[in-house]
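So you can see what is in the structure, the chains are spelled out below.
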Amino acid sequence: MTTHQGSCQCGSVAYEVETELDGVIECNCSHCYRKGLALAFVSPDAFRQTAGEGALSEHTFNTHKITHLFCKTCGVQAFARGVAPNGQPMVAVNVRTLTDIEPWSWTAQHVDGRSF
Ligand SMILES: [Zn+2]
């Protein structure tokens, strides 16, 4: 697995994640589409927040199974924590906040979250 570094825009929130960036999705639900999120899902074992534990604010909606976490200062959502459909805890990393890859070096599948 490759370890990637990421952060919010202002740098208050930083993290490391192990992912090969396969299975990235973009979703058309009321939340993801507005924010332009491109998400890679990993188990909590593969994710470490390295800065900014107190710098996060959170937002939940609908079934409240996913806690969307964003930087109180710059508003950027680097990741969310939640429960996958199979009941396992997961972290959804916004690949647009990875700092060690080229923009658009990943590809995303479109997911029809609006219809769920
Ligand atoms: Zn920030």
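These numbers come from a predicted model, not from an experiment. (Residues numbered from 1 in each chain as written. Predicted model: local features only at pLDDT ≥ 70, side-chain atom pairs only at ≥ 80, totals over all residues. Heavy atoms only, no water.)

Peer 1: I tried to follow the overall build of the chain on my own but got confused; where do I start?
Peer 2: Along its length, the chain carries one helix and 10 strands. Each helix and strand of the chain, placed in order from N terminus to C terminus, yields the pattern β-β-β-α-β-β-β-β-β-β-β. Against the compact-globule benchmark of 13 Å for 116 residues, the chain has a radius of gyration of 13 Å, which places it among compact chains. Judged by the C-alpha coordinates and their principal axes, the chain covers about 35 × 30 × 25 Å. Partitioning the intrachain contacts of the chain with sequence separation of at least 6 by distance along the chain shows that 54% fall at a separation of at least 24. Total accessible area on the chain stands at roughly 6,700 Å², and carbon and sulfur atoms take up 50% of it. Once the 8 positive and 11 negative side-chain charges of the chain are each reduced to a mean point, those two points are 12 Å apart. (Helix = DSSP H or I, 4+ residues; strand = E, 2+ residues; numbered from the N terminus. Rg over C-alpha atoms; globule rule 2.2 N^0.38 Å. Contact = heavy atoms within 4.5 Å. Areas by Shrake-Rupley, 256 points an atom, 1.4 Å probe, with all protein chains shown as cover. Lys, Arg positive; Asp, Glu negative; His and termini not counted. Charge placed at Lys NZ, Arg CZ, Asp CG, Glu CD.)

Peer 1: Can you walk me through the environment of G82 in this structure?
Peer 2: Tracing the backbone shows G82 in strand β8 (residues 79-83). Given the relative accessible area of 13%, G82 is considered buried. The spacing of G82 and P44 is 38 residues in sequence and 9.6 Å in space, taken between C-alpha atoms. Each residue touching G82, except ones within four places of it in the same chain, is listed here: K65, I66, Q88, P89 and M90. (Buried < 20%, exposed > 50% of the residue type's maximum accessible area, 1.4 Å probe, protein only.)

Peer 1: Explain the pairing of strand β6 (residues 56-59) here, please?
Peer 2: Within a regular beta strand, the side chains point alternately toward one face of the sheet and then the other, so they alternate between its two faces. The pairing of β6 with strand β7 (residues 66-71) spans four bridges and is classified as antiparallel. Considered in β7, the bridge of E58 is made with L69. Taking the residues between adjacent antiparallel strands as the criterion, β6 and β7 are bridged by six residues, where N62 takes a positive phi near 55°. (Pairing = 2+ DSSP bridges.)

Peer 1: Please clarify how the coordination of the zinc ion should be interpreted in this entry.
Peer 2: Six octahedral donors around a metal ideally make angles of 90 or 180 degrees; four tetrahedral donors ideally make 109.5 degrees. Bound to the zinc ion are the protein donor atoms C8 (SG), C10 (SG), C71 (SG) and C74 (SG), situated 2.3 to 2.4 Å from the metal. Because the angles between the four donor atoms bound to the zinc ion fall within 106 to 118°, the donor set is best described as tetrahedral. The motif formed by the donor residues of the zinc ion, counted along the single chain, is C-x1-C-x60-C-x2-C. With relative accessibility at 1%, the residue C71 sits in the buried group. (Donors = N, O, S within 2.8 Å, 3.2 Å for Na, K, Ca; no water. Tetrahedral: all angles 85-135°; square planar, octahedral: opposite > 155°, others 65-115°.)

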